[in-house]
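Here is what each chain is made of, one letter per residue.
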Amino acid sequence: MGSSIHLQLKDVLSDYGVRNLHGQPGSKFHQAIDYSVYGIEDEGYAIVAVKGGTVSDINGNRAYKGITVGNYRYTHIFKSSVPKDGEFEKSGKFILKQVEKVNGKDTYWSIIDLEHCRAFCEESGRTVEINGFCGNSISTVNWVEEGWDIAPIGGSGGFPTHLHLERSSSGKKHDPNQNVQHISQDFGIELTTKDNANITIKYPGTYRNAIRLRATMKGGIPVGSDRFSNVTMNLDKADILLQRDGSNDYEHIVGYEGSDKTKIESKLWLGANYNTSITPSDWDDRPYGSWTQTGTYPYAHSSPDKIYDDYFFSDFYTRIDKTDFKKLTDLPTNARYNDRKYILKPTITNVRDVLYTVAGFNITFDNFKPYLSRITVNANGGTLYEVERSGNEGEVATLDDGRVSNNIWDYPLRNPTWPSLQQLNIIAVRPNPCNLWKPHIELKDQHNHFQTIET
Ligand SMILES: [Zn+2]
């Protein structure tokens with residue numbers, strides 16, 4: 001009889017979330033944890049229930065077999081073959097057999113633990129005939145306690161022998177690690193732009209910038225080429241947040257991707273925790289993340305000695321319009337990210353809602369050529385001069401900058417009251433709400449004497 005397997009971190013073959021299949025069959029977005037014991041043939045070894053609960057959905061009549069206990073489903077149990085009518089399949093200390101039929105057409109199946117003489121079935125009180133074992137007949141129970149052996153590890157469904165463990169809630173799948181006992185570990189976070197140790201924004205702002213968040217399992221000790229003895233990638237969310245100068249709030253960066261300019265944000269959520277919505281919703285079809293593709297590249301449990309996953313936000317256009325995310329602008333007043341100082345802050349959150357972060361990175365956006373939008377000259381209680389210079393979006397060219405409708409720079413002041421001038425006020429309004437530049441104003445009198453006004 002095969003003994004029980006208490007699955008450990010070193011037995012994690014594939015974690016929850018996006019995974020690298022390396023050409024193998026399976027879902028790219030793996031909403032489960034795969035376990036197999038490294039280096040031994042674990043077919044027939046007993047899976048131990050991670051939680052107690054009601055038994056449902058033992059599907060013995062299919063190639064791909066599983067058992068659900070409470071919110072957990074354990075699959076690839078037994079083999080792909082289906083026992084013939086009245087016969088059973090045996091694996092390790094377990095038997096898979098249909099319970100006795102009622103009116104000749106019952107389809108319930110039972111998994112019997114011969115060591116403890118327990119028969120699990122969706123219905124309690126049904127009889128299973130097992131000649132030679134457990135007194136030749138056993139009555140079923142539809143519940144399991146935490147720690148009980150429930151089924152043999154197998155390879156049903158045509159996969160190599162392993163346990164695929166799912167956790168469901170309200171019809172959605174989440175990371176079993178929300179409840180499965182595992183070591184709480186620390187993460188390291190790096191935020192970089194391509195070819196740089198620091199964050200560098202490339203211009204013009206019509207250029208697509210990419211930012212990479214790397215989440216490293218600190219102190220991870222590799223076992224073999226793709227496993228770790230002491231850590232597991234249990235992340236739920238990766239966020240790259242932007243804080244505007246003078247604000248306490250953080251926001252996700254908005255961008256667009258693809259030829260149809262679909263909105264995408266710097267918000268990469270896996271739905272590991274049952275409170276988290278999967279974002280973007282197309283993880284299973286989404287290409288792996290790269291400097292040209294928003295998404296994740298899952299190295300952990302995939303590449304030798306790489307104990308991190310990379311999360312890319314690769315659709316950052318700093319000139320994106322503030323209301324229409326499908327548009328770029330050449331006016332600072334229309335920009336979602338106007339020229340000013342910002343802080344970029346990466347955060348990751350694990351399946352148990354533990355947040356990890358580092359100090360933010362200071363960056364300054366400098367996209368637009370500044371201009372004065374209104375100039376007013378007041379003296380002696382009257383307005384001597386006033387000019388409005390309205391923004392002209394024009395054509396957003398790659399190298400364009402903020403334009404104004406009347407590109408004048410000399411403002412002659414001629415007024416008969418000039419000799420009695422007591423006070424002169426010059427008010428200039430600029431569209432940039434920041435201190436990246438200051439207007440420089442010069443006054444010239446009739447004798448060509450200059451006076452400079454610093455603002
Ligand atoms: Zn799996």
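Here's what I pulled together on the structure shown here. All values derive from a computational prediction rather than experimental measurement. (Residues numbered from 1 in each chain as written. Predicted model: local features only at pLDDT ≥ 70, side-chain atom pairs only at ≥ 80, totals over all residues.)

**Some remarks on the overall build of the protein chain**
(1) Moving on: A count of helical and extended segments in the protein chain gives zero helices and 38 strands.
(2) Moving on: With 455 residues in all, the protein chain has 36% of them scored as buried. (Helix = DSSP H or I, 4+ residues; strand = E, 2+ residues; numbered from the N terminus. Buried ≥ 20, exposed ≤ 12 C-beta atoms within 10 Å, placed from the backbone.)

**Section: the sheet that holds strand β10 (residues 88-91)**
(1) Moving on: Spatially, six strands are ordered β10-β11-β12-β13-β15-β14 in an open sheet, and the strand pairing comes out mixed. Edge positions in the open sheet fall to β10 and β14 (127-130), since each of these has one partner strand only. Mean inter-strand twist for the sheet, computed between neighbouring axes without regard to direction, equals 30°.
(2) Moving on: By the bridge criterion, two bridges tie strand β13 (residues 118-120) to strand β15 (residues 136-141) in an arrangement that is parallel. Looking at the pairing, phenylalanine 120 lines up with valine 141 of β15. (Pairing = 2+ DSSP bridges. Axes fitted to C-alpha atoms, helices over the stretch in contact; angles between N-to-C directions.)

**Here's the deal with the sheet that holds strand β30 (residues 308-316)**
(1) Moving on: Read from one edge of the open sheet, four strands run β20-β21-β30-β29, paired in antiparallel fashion. The sheet is open, and its two edges are formed by β20 (187-193) and β29 (295-298), each paired on a single side. Taken over all neighbouring pairs, the strand axes of this sheet differ in orientation by 20° on average, direction set aside.
(2) Moving on: Pairing geometry for strand β21 (residues 209-217) and β30, over seven bridges, is antiparallel. Within β30, the residue paired with isoleucine 211 across the bridge is phenylalanine 313.

**As for the nonpolar core**
(1) Moving on: In terms of nonpolar packing, the biggest core is built from 77 residues, with Ile67, Tyr74, Ile111, Phe120 and Ile150 touching the most fellow members.
(2) Moving on: Ranked by residue count, the leading element in this core is β30, at five residues.
(3) Moving on: In terms of domain composition, this core takes at least three residues from each of domain 1 (4-178) and domain 2 (187-364).
(4) Moving on: Apart from the residues lying within four places of it in its own chain, the contact partners of isoleucine 67 are Val55, Ile58, Tyr74, Ile77, Ile111, Phe120, Ile150 and Ala151. (Core = buried A, V, L, I, M, F, W, Y, C linked by C-beta atoms within 7 Å. Domains from an automatic or database assignment. Contact = placed C-beta atoms within 7 Å.)

**Some remarks on unusual backbone geometry**
What you tend to see is this: most non-glycine residues have negative phi, and most peptide bonds are trans.
(1) Moving on: With omega at 0°, the peptide bond leading from tyrosine 203 into proline 204 counts as cis.
(2) Moving on: Position of proline 204 relative to the elements: it lies in the loop between β20 and β21.
(3) Moving on: A cis amide bond links threonine 279 with the next residue in sequence, proline 280, at an omega value of -10°.
(4) Moving on: The residue proline 280 is located in the loop between β28 (267-269) and β29 in this model.

**Some remarks on the pairing of β14**
Working note: regular strand, side chains alternate between the two faces of the sheet.
(1) Moving on: Burial along β14 is one-sided: the face carrying Val128 and Ile130 is buried and the face carrying Thr127 and Glu129 is not.
(2) Moving on: One ladder, built from four bridges, connects β14 with β15; its direction is antiparallel. Note on β15: the bridge partner recorded for threonine 127 is serine 139.
(3) Moving on: What sits between the antiparallel neighbours β14 and β15 is a turn of five residues, in which glycine 132 has the positive phi angle 95°.

**Quick notes on the environment of serine 81**
(1) Moving on: Looking at the secondary structure, you find serine 81 in the loop between β9 (72-75) and β10.
(2) Moving on: Expressed as a C-alpha distance, the spacing of serine 81 and serine 156, which sit 75 residues apart in the sequence, is 7.8 Å.

**Description of the environment of glutamate 265**
(1) Moving on: By the secondary structure assignment, glutamate 265 is in strand β27 (residues 262-265).
(2) Moving on: Judged by local crowding, glutamate 265 falls into the partly exposed class, with 19 C-beta atoms found within 10 Å.
(3) Moving on: In sequence terms glutamate 265 and leucine 241 are 24 residues apart; their C-alpha atoms lie 9.9 Å from each other.
(4) Moving on: Among all residues touching glutamate 265, those that are not within four sequence positions of it are His252, Ile253 and Val254.

**Comments concerning the environment of glutamate 442**
(1) Moving on: Here glutamate 442 is to be found in strand β37 (residues 440-444).
(2) Moving on: Judged by the 9 C-beta atoms lying within 10 Å of it, glutamate 442 is exposed.
(3) Moving on: Glutamate 442 sits ten residues away from threonine 452 along the chain, and the two C-alpha atoms are 4.4 Å apart.

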